[in-house]
Amino acid sequence: MGANDLKMNPDPAEFRPPARRRSLFYSVKFFVFCHSLLQLAQLLVSGYMKSSISTIERRYGFNSQKSGLLASFNEVGNTILIVFVSFLGSQVHRPRCIGGGALLACLASLIMSLPHFLGGIYDYTDSINSSGVNSSSLCQSESPVSTSSSNQSCSGQQGGAQQGVYPLLLMGQLLLGIGAVPIQPFGISYIDDHASRKNSPLYLGILLAVTSIGPAFGFISGSLMLRFYVDFDKLSEDQIQLDHKDLRWVGAWWLGFLVASGLLFLAALPYLFFPRSIPKEDEDEGEDVESTADCKQQLQQTDSETSLLQFLKSFPRIALRTLRSPIYLLVVLAQVNLAALLAGLATFMSKFIERQFTQTVSFSVMMIGGVCIPLAVLGTVLGGVLMRRLSLSVGGASKLCTAAIFLCILSSMPLLFIGCSTQKVAEVFPQGSAALSCSAGCRCPAEAFNPVCGSDGVEFRSPCHAGCSNVQIDASNKPTNYTECGCVGGLGVASPGTCGSGCSNLLLPFVALLGVTSFIASFSQTPSVMMILRTVPAEDKSFAVGVQYMLFRVLAFMPGPVLYGSVIDSTCISWGRKDDKKTSCQYYDLDHFRQRFLGLQVVFVCGALLCFLLTVVVLRRRARQLETEGEGVKGGYAMVSASSKEKALEGIKT
């Protein structure tokens, strides 16, 4: 065959069409990118809810206990369904389940914003009308105040959509918890199944980092949204009479839920196009690929042979076997104490800063999202780095946790003494103050709440209670001063707004110390998780992690905010009233508020310290038993081998 023949009949391989480029939806890297965005959006909703809970409380007249229940209600649906997720993980189309959960969370976020659109305009007491005079805001001694019309209008507004606000918010929180069930477990297992052994820890680390900063973005978003007035979409700028410093100010709490709903919808769309399974990333060693494939095949066979009924029957037996481990039980109880602490502080700490240091709601929320949460994330990361550098065993990890929590107690105790007493409020504080005779003839409405600060430093619930009969307004129709106030000493003048607690100068040291406490306490997070993964049988690791998070929800995340809310309500000294019904609290005894709120924090930290100390004692006894039996302690508790890291990864999947 000549050269011409070779040219006329070339090798078909030379003209083989190029390989078809795979779609992005077959790339595990693109899945990690999409899942990071989805987790960020989903956790943003959770953080935003906690940042706006005190605003919702003020808008609809809830007490703190009801607000705490609302903040924790998303854990109800999550707790009920999380067990079934661990069973169905390998039997369903995981990307589509994740997308469906994200769309449900999107719907839940929309439902959370509905009360604003179904209800009327925010009706606060003693607002100045268009003429600049309000009969209920000033002392009216000549004629009795007519309350029939106001009561009729109020009852009409309350009788409709207003009464259904709380059930609607609860339903939104319940659906939000149900929608979040498949997102993290299915996402982590899907990535681990299709990522290479080398890249899988990196991808999971990215997801955990996003999980940590998601709530921080929620708090920062809340700080921005709450700067807008709640009814800015219904009123013109001239009609908005309140400013951020007014105790009656309510920010646009609903706006963040609309934004988060849009983000969730966009983040959910890509999951509808991901296949049930994608090609596994290339491995550097062929043996690793084969062994991994064999393990996956065995797991799939085991899952397919296990029925739901068998799973439910074995659940109590495995749970009891896991909880019989003293180290596991003590570490989980320590984490439950810290989780309850976190749940309460994340929900109500911004309210504490607002009241204790006379700050705006948006600024208080920013302190939590911009200072405390980032420092807690940094502490968690450094705790893991410290464990790796020191190559700590289970015993060493328990000592690290004990030291971190002990330092946390030392840093949190001074917080109990940073603050001031409640400012003097006529007829409210000090408690037992006699009724003022100077305003007895003013016929002030019982519902009136428009705080003013007298020139003598005494605060009054309204200009009427201060005996003021005249008001000065500016060009924008906002009051600047109340004059001719019979109950105010000296000049007889009162300015709009609260006198404040006088503690604003203590805000900086308080936030700095709170940030240090968060940083130190978070050092125990990574060591405690590794202790759990290393002290249960290999076949129970995934189940142990699932039981751990279930106990978090049942014992900490659900009751924690309710308990903190009840404690806060016990410090209220003046409740608001509307239509002869008790609404949200107007004034707190700030000394009791600080002592009980932060004292409960110290109680939880001491509980965690006790559990970690008992863990150290149990480990020492076990080490002595092993020494007497001639067995090495390090062999059973070493935590730095490659195989142990892979087992930890398997434990995290569920």
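Structural data are supplied above this passage.
Only a predicted model underlies this, so the values are computations on that prediction, with no experimental measurement involved.

Trainee: Teacher, can you tell me more about the environment of His244 here?
Mentor: You can see His244 is positioned in the loop between helix H9 (200-225) and helix H10 (253-268). When its relative accessible area of 35% is taken as the criterion, His244 is described as partly exposed. Taking the C-alpha atoms as reference, His244 lies 8.9 Å from Phe228; in sequence the two are 16 residues apart. If sequence neighbours within four positions are ignored, His244 has contacts with Arg227, Trp249 and Thr360.

Trainee: How do you make sense of the packing of aromatic side chains when you look at a structure like this?
Mentor: Think of a pair of aromatic rings as described by two things: how far the centres are apart, and how the planes are tilted against each other in angle. Under the definition given, this model contains 31 aromatic pairs. Seen in terms of ring centroids, Tyr60 and Trp253 are 5.9 Å apart; in terms of plane orientation they differ by 80°. Their pairing is edge-to-face. With Tyr60 in helix H2 (residues 28-60) and Trp253 in helix H10, this residue pair connects regions lying 193 residues apart in the sequence. Using a relative accessible area of 11% as the deciding quantity, one classes Tyr60 as buried.

Trainee: Can you help me understand the environment of Thr402 in this one?
Mentor: By the secondary structure assignment, Thr402 is in helix H15 (residues 394-412). Residues Thr402 and Leu610 lie 208 residues apart in sequence; the distance between their C-alpha atoms is 8.6 Å. Ignoring anything within four residues of it in the chain, the contact list for Thr402 reads Leu609, Phe612, Leu613 and Val616.

Trainee: Can you walk me through empty space enclosed by the protein in this structure?
Mentor: Empty space among the atoms becomes apparent when a probe as large as a water molecule is rolled across them. For the structure on display, the rule yields two cavities of 30 Å³ or more. One number sums up the size of the largest cavity: a volume of about 40 Å³. Along its surface, the largest cavity is lined by Ser54, Thr55, Arg58, Trp249, Val250, Gly251, Glu354 and Val361. No other element matches H2, which puts three residues into the lining of the largest cavity. Split into classes, the residues belonging to the lining of the largest cavity amount to three nonpolar, three polar and two charged. Every residue along the wall of the second largest cavity is listed here: Ser46, Met49, Lys50, Ala71, Asn74, Gln173 and Leu176. Among the elements that take part in the lining of the second largest cavity, H2 stands out by supplying three residues, more than any other.

Trainee: Can you help me understand the state of the cysteines in this one?
Mentor: Note on terminology: disulfide describes a covalent bond linking the sulfur atoms of two cysteines. Per the stated rule, a full pass over the model turns up seven disulfides. What pairs with Cys420 in a disulfide is Cys503, and their sulfur atoms sit 1.8 Å apart. Here the disulfide of Cys420 and Cys503 is right-handed, its torsion about the S-S bond being about 135°. Remark: Cys503 occurs in the loop between strand E5 (494-496) and helix H16 (507-521) and Cys420 occurs in the loop between H15 and strand E1 (452-454); sequence separation between them is 83 residues. Here Cys408 is not disulfide-linked; the sulfur of Cys606 is the nearest cysteine sulfur, at 9.4 Å.

Trainee: Is there a simple way to think about the nonpolar core in this case?
Mentor: Residues Tyr229, Trp253, Met349, Phe352, Ile353, Phe510 and Phe597 are the most contacted members of the largest nonpolar core, which totals 140 residues. Apart from residues lying up to four places away in sequence, Phe510 is in contact with Met349, Phe352, Ile353, Phe357, Leu415, Ile418 and Leu598. In terms of nonpolar packing, the next biggest core, distinct from the first, is built from 13 residues, Phe460, Ala466, Val471 and Tyr482 among them.

Trainee: Explain the pattern of salt bridges to me, please; I cannot follow it from the model alone.
Mentor: When the charged atoms of two side chains with opposite charge come close together, those side chains can pair. Counting across every chain of the model gives seven salt bridges. One salt bridge connects Glu57 with Lys351, and the closest N-O pair in it is separated by 2.5 Å. On the criterion of sequence distance, the pair formed by Glu57 in helix H2 and Lys351 in helix H13 (residues 326-356) is long-range, its members being 294 residues apart. For Glu57, a relative accessible area of 5% corresponds to the buried category. For Asp591, the salt bridge identified is with Arg594, shortest N-O distance 2.9 Å. Taken together, the residues Asp591 and Arg594, both in helix H20 (residues 590-628) and three residues apart, mark about one turn of the helix. For the pair shown, Asp591 and Arg594 are each scored as buried.

Rules of the game
- Residues numbered from 1 in each chain as written.
- Predicted model: local features only at pLDDT ≥ 70, side-chain atom pairs only at ≥ 80, totals over all residues.
- Heavy atoms only, no water.
- Helix = DSSP H or I, 4+ residues; strand = E, 2+ residues; numbered from the N terminus.
- Buried < 20%, exposed > 50% of the residue type's maximum accessible area, 1.4 Å probe, protein only.
- Contact = heavy atoms within 4.5 Å.
- Phe/Tyr/Trp six-rings, centres within 6.5 Å; stacked < 30°, edge-to-face > 60°.
- 1 Å grid on protein atoms, 1.4 Å probe; cavity = no way out; pocket = protein on both sides within 12 Å on 5 of 7 lines; lining within 4 Å.
- Points joined across faces, edges and corners; volume = space filled by probe spheres on them.
- Nonpolar A, V, L, I, M, F, W, Y, C, P; charged D, E, K, R; others polar.
- Disulfide = S-S within 2.5 Å.
- Core = buried A, V, L, I, M, F, W, Y, C linked by side-chain atoms within 4.5 Å.
- Salt bridge = Lys/Arg side-chain N within 4 Å of Asp/Glu carboxyl O.

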